[in-house]
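Next come the chains, spelled out residue by residue.
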Number of protein chains: 2
Amino acid sequence: MHKKPQILQRHLVAQSRLFRVESLELRFSNGVERTYERLMPGGSGAVMLVALLDNDTIALIREYGGGIEDYTLTLPKGAIDLGESLREACNRELQEEIGYGAREFIHLKKLSLSPSYMSGGIDVVVARDLYESKLEGDEPEPLELVPWKLNNLHELYSRADCTEGRAIAALALAQEFLAGRFDGEVLG
Amino acid sequence: MHKKPQILQRHLVAQSRLFRVESLELRFSNGVERTYERLMPGGSGAVMLVALLDNDTIALIREYGGGIEDYTLTLPKGAIDLGESLREACNRELQEEIGYGAREFIHLKKLSLSPSYMSGGIDVVVARDLYESKLEGDEPEPLELVPWKLNNLHELYSRADCTEGRAIAALALAQEFLAGRFDGEVLG
């Protein structure tokens, strides 16, 4: 049953400034045919950062989310610019969003948003050994930095303004990494 | 800074069978104006289930994801049908996807996929006190049920075929709930 379906046809069915929708005609190994639609990412990927302000404290940001039309408490994140390495993107986003650079970056995992209908993903990276440094980003207003204790994540998860699945997943992965149960890869 | 931006204008910029893209003209409280795009959900929402096969074991499924063009190990999930309650949707999806119903459903949280550019979300629900019962779903091929020990989630997270951020987030919330550090709401 793990023989992948055959892709009979694919074509672009809708497009906007940020989004492209592709239609996939599939034939599963049992002969069943289906038409799937999926969202194609633009650009070169994205990063989400679990930045350790000290051994017990991570950096959250409070940011307006156009999707939910409200402010949300989440992790620093952003798109990888064309030609930028993953490490460069991480260190730029950190400086733009929380006013810190970092000397060590450890890649944990590329997360998918919805494997069913979205391609692409976001790379989750732990940042350690921080130093103060500010870069101007493209944010419409300054982001608020909210330090949060790692031993108090359950309280964060209970908050109505903490809703982003990817951020909760990134924090869970970081906890496993910090507990020595999950291997990361240092970005050189 | 937490005064929400004013929405000056909104309009539909692209549409396909499954996706609708809306453009938002925003004016932030500091006067900066920006155009955001976001994905609008179709339908009545979606559920993701952490089903306890016993006190130590949850139900994973192996399913083809059109978005990533590969099989993935994730949690049972699906759309809420029109007119269906959250509890009804949960019990239908469970029976369709893993061949079990449940007598108890506890709602943990509505997760957003990307607050920046997606509206809508998915309700995370714990299912307990299971009984065998199979319903025919609309899957193109049968899903494989993969029991997984709760004390071994770090190994799941390390697998290349476990990538879905929402599922990892749902499991992290369920762990906090089962540890008594996160409150859920029983669905009646």
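Cut-offs and rules
Residues numbered from 1 in each chain as written. Chains lettered and ligands numbered in written order. Predicted model: local features only at pLDDT ≥ 70, side-chain atom pairs only at ≥ 80, totals over all residues. Heavy atoms only, no water. Helix = DSSP H or I, 4+ residues; strand = E, 2+ residues; numbered from the N terminus. Expected span 1.5 Å × (residues − 1). Buried < 20%, exposed > 50% of the residue type's maximum accessible area, 1.4 Å probe, protein only. Contact = heavy atoms within 4.5 Å. Pairing = 2+ DSSP bridges. Axes fitted to C-alpha atoms, helices over the stretch in contact; angles between N-to-C directions. Least-squares fit on C-alpha atoms with pLDDT ≥ 70 in both. Buried area = accessible area lost by both parts, 1.4 Å probe. Salt bridge = Lys/Arg side-chain N within 4 Å of Asp/Glu carboxyl O. Polar contact = N/O pair within 3.5 Å; in protein donor to acceptor, adjacent residues only side chain to side chain. Nonpolar A, V, L, I, M, F, W, Y, C, P; charged D, E, K, R; others polar.

**What about helix 1 (residues 86-97) of chain B?**
Residue and element names in this part refer to chain B. A rise of 1.5 Å per residue sets the reference length of helix 1, with its 12 residues, at 16 Å; its end C-alpha atoms lie 16 Å apart and thus fit the reference within 8%. Counting buried residues along helix 1, nine of its 12 residues qualify, which places the element largely inside the surrounding structure. Where helix 1 is concerned, the buried positions are Ala 89, Cys 90, Asn 91, Arg 92, Glu 93, Leu 94, Gln 95, Glu 96 and Glu 97. Turning to helix 1, the residues buried within the fold contact strand 4 (46-54), strand 5 (57-65), strand 7 (77-79), strand 8 (100-111) and strand 9 (122-132). Among the residues trailing helix 1, Gly 99 stands out with phi positive, at a value near 75°.

**Overview of the sheet that holds strand 1 (residues 6-15) of chain A**
Strand pairing in a sheet relies on backbone hydrogen bonds, with the paired strands running either antiparallel or parallel. Residue and element names in this part refer to chain A. What the three strands build is an open sheet, ordered 1-2-3; its pairing is antiparallel. Because the sheet does not close on itself, it has two edges, and the strands there are strand 1 and strand 3 (33-40). The sheet shows a mean angle of 25° between the axes of neighbouring strands, taken without regard to direction.

**Let's talk about the pairing of strand 9 of chain B**
Residue and element names in this part refer to chain B. Strand direction decides the pairing type here: strand 4 and strand 9, joined by five bridges, are parallel. Bridge pairing in strand 9 links Ala 51 to Ala 127. Relative to strand 9, strand 8 runs antiparallel, the two sharing 10 bridges. Within strand 9, the residue paired with Gly 101 across the bridge is Tyr 131.

**Some words on the relation of the copies chain B and chain A**
The two copies are related by a screw operation: chain B maps onto chain A through 180° of rotation and 0.0 Å of translation along the axis, at an RMSD of 0.0 Å. Taken together, the rotation and translation describe the operation of a two-fold axis. Across chain B, the smallest distance between a C-alpha and the rotation axis is recorded for Ala 169 of chain B, namely 2.2 Å. Taken together, the interface assignments show that 100% of the residues at the interface of chain B recur at the interface of chain A, consistent with an identical surface on both copies.

**Structural notes on the interface of chain B and chain A**
How big an interface is tends to be expressed through the accessible area that disappears when the partners come together. Counting residues at the interface gives 72 residues for chain B, matched by 72 residues for chain A. In total, chain B and chain A occlude about 6300 Å² of area from one another, counting both sides; carbon and sulfur atoms represent 59% of this. When the shortest N-O distance is used, the salt bridge between Asp 70 of chain B and Lys 4 of chain A registers 3.8 Å. Here chain B and chain A share 45 residue pairs in polar contact (both at pLDDT 80 or more) between them. Broken down by element, the residue count for the side of chain B that touches chain A peaks at seven residues, all from helix 3 (residues 165-178) of chain B. Classifying every residue of the side of chain B that touches chain A by side-chain character gives 32 nonpolar, 18 polar and 22 charged.

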